[in-house]
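A structural walkthrough
As a plain string of letters, each chain reads:
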Amino acid sequence: MKHVKTDYHVHPNYSIDASPATIKDYCYKAIDLELTEICFCTHVELDPKRKDKENFVMVKGEKRSVYDFNWLDNYFEEISRMQDELKTSGLKVKAGVEIGFCQGIEHEIEKVVNSYPFDYVLGAIHCLDHISISSKKESPHYFGSREAAQVRADYFAVLMEAVKTGLFDCIAHVDLYRRYGIGYLGPEVDTIHRGAIEPVFDEMKRRGVGLEINTSSRRRGLKEFHPTKEILSIAVEAGIQVFTVGSDAHSLDELGEGIDEALAVLDELNVCNHVFTRRQPVPCCKSKGECL
Ligand SMILES: [Zn+2]
Ligand SMILES: [Zn+2]
């Protein structure tokens with residue numbers, strides 16, 4: 001059977017925190033790396049309280065408001081051009097988005113996801129109390145003044161709400177709080193999910209929402225992927241069946257990083273990697289050949 005290798009979390013130059021590498025650059029690099037599928041997931045951050053910080057995208061090197069949906073015309077046009085160009089290359093190119101969730105912006109998110117024919121909508125919790133927990137610069141303002149119990153209560157409440165909106169196909173880096181939380185909470189950061197993540201996974205299972213293995217943690221000095229093997233086992237136990245793998249590449253050299261190992265982790269757990277077309281998951285792994 002053909003080797004299947006996907007990267008379902010890639011930030012081309014539309015993201016304000018990404019390198020200038022274009023959709024085309026990533027596609028050709030993906031072919032070099034023998035990926036079978038690449039999914040672009042540009043950041044969409046819509047929290048009005050963070051308007052001056054990150055409610056932007058880049059289009060041809062110019063900063064545009066994320067609320068002005070014209071950027072999505074360019075984005076889809078560029079992706080569909082590559083789909084045509086690479087039709088016979090063995091690489092499938094998908095249009096995705098990574099949306100930062102916080103309470104109160106459900107309607108804005110709904111407008112984005114319903115206005116364009118996305119293949120994949122990835123939901124992420126990047127902020128708590130409107131502070132970015134994924135930013136080296138901002139995260140001390142959050143973690144510096146909160147106990148583990150507070151982090152746990154805040155994070156899992158927002159995560160549960162995100163899942164319950166029904167707007168997301170898959171949840172990105174579900175234990176992202178480990179990235180900078182480790183410096184403040186110590187080893188406890190690896191256990192605060194216990195008892196809090198199970199009801200979230202039950203809800204995800206009920207709604208058919210998938211879970212991502214995100215390999216970017218390695219670049220930040222963490223030993224395990226997002227999420228840890230312990231959390232992945234809890235997800236499998238809860239009956240979640242849809243999993244994806246993504247490098248969260250913000251530059252060309254990060255594309256495909258750790259993907260082989262992430263796929264091996266899924267194999268070990270006896271669950272399948274998935275691909276998405278128009279928001280429908282299809283299993284894509286050694287035990288099931290449907291996606292080939
Ligand atoms: Zn993210
Ligand atoms: Zn990302």
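Here, every reference points to the structure presented above.
Given the structure is predicted, the values throughout are model-derived calculations rather than measurements.

1. Some thoughts on the pattern of salt bridges
- Going through the model one piece at a time under the given rule, you end up with 18 salt bridges.
- Where arginine 194 meets glutamate 230, a salt bridge forms, and the shortest distance between an N and an O atom there is 2.8 Å. In this pair, arginine 194 is assigned in the loop between helix H7 (178–185) and helix H8 (197–207) and glutamate 230 in helix H9 (residues 229–238), connecting sequence segments 36 residues apart.
- By relative accessible area, which is 32% here, glutamate 230 ends up partly exposed.
- Between arginine 206 and glutamate 203 there is a salt bridge, and its shortest N-O distance comes to 2.9 Å.

2. Examining the sheet that holds strand E13 (residues 280–283)
- In space, the 9 strands of this open sheet follow the order E1-E2-E5-E6-E9-E10-E11-E12-E13, with mixed pairing throughout. A strand with exactly one partner marks an edge of an open sheet, and here the two such strands are strand E1 (6–10) and E13.
- Pairing analysis gives 2 bridges linking strand E9 (residues 170–171) to strand E10 (residues 210–214), with the strands arranged parallel. Bridge pairing in E10 links cysteine 170 to glycine 210.
- In this fold helix H1 (residues 23–32) packs onto E1, strand E2 (37–45) and strand E5 (92–100), with an angle of close to 150° to the strand it touches most, E2.

3. With respect to the coordination of the zinc ion (ligand 1)
- Looking at the zinc ion (ligand 1), one finds its protein donor set to be Glu98 (OE), His126 (NE2) and His173 (NE2), positioned 2.0 to 2.2 Å from the metal centre.
- Every donor residue of the zinc ion (ligand 1) comes from the same chain, spaced as E-x27-H-x46-H.
- Separating the zinc ion (ligand 1) from the zinc ion (ligand 2) is a gap of 3.5 Å, bridged by glutamate 98, which donates to each. With histidine 126 in the loop between strand E6 (120–124) and strand E7 (127–128) and histidine 173 in the loop between E9 and H7, this residue pair connects regions lying 47 residues apart in the sequence. For the pair shown, histidine 126 and histidine 173 are each scored as buried.

What counts, and at which threshold
Residues numbered from 1 in each chain as written. Chains lettered and ligands numbered in written order. Predicted model: local features only at pLDDT ≥ 70, side-chain atom pairs only at ≥ 80, totals over all residues. Heavy atoms only, no water. Salt bridge = Lys/Arg side-chain N within 4 Å of Asp/Glu carboxyl O. Helix = DSSP H or I, 4+ residues; strand = E, 2+ residues; numbered from the N terminus. Buried < 20%, exposed > 50% of the residue type's maximum accessible area, 1.4 Å probe, protein only. Pairing = 2+ DSSP bridges. Contact = heavy atoms within 4.5 Å. Axes fitted to C-alpha atoms, helices over the stretch in contact; angles between N-to-C directions. Donors = N, O, S within 2.8 Å, 3.2 Å for Na, K, Ca; no water.

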